[in-house]
Amino acid sequence: MINKTIKILEKYKFLLLLLFFSLHQLYYIPRVGVWWDEPYDQLGMKLTIGKLKYLIFGIETREYRADFSDHEFFGMFYQAQAYLFSKLGKLFYSFDLDLLNIESEIHFVYFFRHVYLHLYICLCLYIIYFLLKKLQSADFGFIYVLFLVLIPSINGYSLFDDKDIPFGLNLQIAFLCYFYFYKIYNSNERVPRSLVFLTGI
């Protein structure tokens, strides 16, 4: 029985790591505020959407401006996802949120941005683990991600920092993809198209 339990834990240890990390993060997410840049990130995405509506459909909304704003400069691919997910904040009046200590609709909007940030981080951590497993071993990938999430500046900023954390994780993934490319190229294996796409992103 004990050996069977150990084998199950060994098999699913990375998923358990993500589970405990998620429980920690989701407990603290409602308890953190909004950092300095976040309202400007939200505004920057509105301006970008205004430009896209004008370029694609010819619709000139109040968010449209022809010049380039200094709020539209950092990771708009991620910001678009977070912005769309934060639209769920309109459900504020549909729930009793006293347990989450959420007292306003705008707080609920940023709560959803932070929840999406966590989901995105978990996806990035899985990709990092997967690539390290291919490059080294599953144990190496697990230990790497474990130490990564135990760094206070990583798990702390992961509660709200939607610029530096996604950028840093994406950069790690890009480097690992290049190393994986190099490994496959040297072994004369065919490079998977999905890896080409992932590196391009």
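The structure we're discussing is the one just above.
Residues numbered from 1 in each chain as written. Predicted model: local features only at pLDDT ≥ 70, side-chain atom pairs only at ≥ 80, totals over all residues. Heavy atoms only, no water.

Student: Just checking my understanding: could you explain the overall build of the chain for this structure?
Tutor: Across its full length, the chain carries nine helices and zero strands. Put simply, the chain runs from its N terminus to its C terminus through helices and strands in the order α-α-α-α-α-α-α-α-α. Taking all 201 residues of the chain together, 39% fall into the buried category. Pairs at least 24 apart in sequence give 67% of the contacts found in the chain among residues at least 6 apart. When the accessible surface of the chain is summed, it comes to about 13000 Å², and 66% of that surface belongs to carbon and sulfur atoms. (Helix = DSSP H or I, 4+ residues; strand = E, 2+ residues; numbered from the N terminus. Buried < 20%, exposed > 50% of the residue type's maximum accessible area, 1.4 Å probe, protein only. Contact = heavy atoms within 4.5 Å. Areas by Shrake-Rupley, 256 points an atom, 1.4 Å probe, with all protein chains shown as cover.)

Student: I would appreciate a short explanation of the pattern of salt bridges in the present structure.
Tutor: Close approach of charged atoms allows side chains with opposite charge to pair. The full count for this structure, using the stated rule, is two salt bridges. The partner of lysine 13 in a salt bridge is aspartate 139, with the nearest N and O atoms 2.5 Å apart. Note that lysine 13 is positioned in helix α2 (residues 13–28) and aspartate 139 in helix α6 (residues 138–150), a separation of 126 residues in sequence. Between arginine 113 and aspartate 162 there is a salt bridge, with the nearest N and O atoms lying 2.3 Å from each other. Taken together, the positions of arginine 113 in helix α5 (residues 105–135) and aspartate 162 in the loop between α7 (152–157) and α8 (164–186) put the pair 49 residues apart, joining distant regions of the chain. This pair shows no difference in class: arginine 113 is buried, exactly as aspartate 162 is. (Salt bridge = Lys/Arg side-chain N within 4 Å of Asp/Glu carboxyl O.)

Student: Help me understand α2, please; the structure alone is not making it clear to me.
Tutor: Turn by turn, an α-helix covers 3.6 residues, leaving residues three or four places apart pointing in a common direction. Here α2 contains 16 residues, and its C-alpha end-to-end distance of 23 Å stays within 8% of the 22 Å for a straight helix at 1.5 Å per residue. Among the residues of α2, Lys13, Phe14, Leu17, Leu18, Phe21, Ser22 and Gln25 are the ones counted as buried. (Expected span 1.5 Å × (residues − 1).)

Student: Just checking my understanding: could you explain the side chain of glutamine 25 for this structure?
Tutor: Within the element layout of this structure, glutamine 25 appears in helix α2. Of the polar contacts made by the side chain of glutamine 25, one reaches the backbone oxygen of asparagine 155; its length is 3.1 Å. Dropping the residues within four chain positions of it, glutamine 25 is found in contact with His118, Asn155, Ser158 and Leu159. (Polar contact = N/O pair within 3.5 Å; in protein donor to acceptor, adjacent residues only side chain to side chain.)

Student: Hey, could you run me through the side chain of serine 22 in this one?
Tutor: Position of serine 22 among the secondary structure elements: in helix α2. Of note is the side chain of serine 22, whose polar atom sits 2.7 Å from the backbone oxygen of leucine 18. Ignoring any residue separated from it by four or fewer positions in sequence, one finds serine 22 in contact with His118 and Cys122.

Student: Can you walk me through the packing of α2 against α6 in this structure?
Tutor: In a pair of packed helices, the angle between the axes and the distance between the axes together describe the arrangement. Two numbers describe how α2 lies on α6: the axes approach to 10 Å, and their chain directions differ by 10°. For the element pair α2 / α6, the angle class is roughly parallel. Contact residues: Lys13, Phe14, Leu17 and Phe21 in α2; Asp139, Phe142, Val145, Leu146 and Val149 in α6. Of the residues contributing to the contact of α2 with α6, the split by class is seven nonpolar, no polar and two charged. (Axes fitted to C-alpha atoms, helices over the stretch in contact; angles between N-to-C directions. Parallel < 35°, antiparallel > 145°, perpendicular 65-115°, else oblique. Nonpolar A, V, L, I, M, F, W, Y, C, P; charged D, E, K, R; others polar.)

Student: Help me understand α8, please; the structure alone is not making it clear to me.
Tutor: For α8, which comprises 23 residues, the first-to-last C-alpha distance of 33 Å matches the rise-based estimate of 33 Å (1.5 Å per residue) to within 8%. Burial in α8 covers these residues: Ile165, Pro166, Leu169, Gln172, Ile173, Leu176, Cys177, Tyr180, Phe181 and Ile184.

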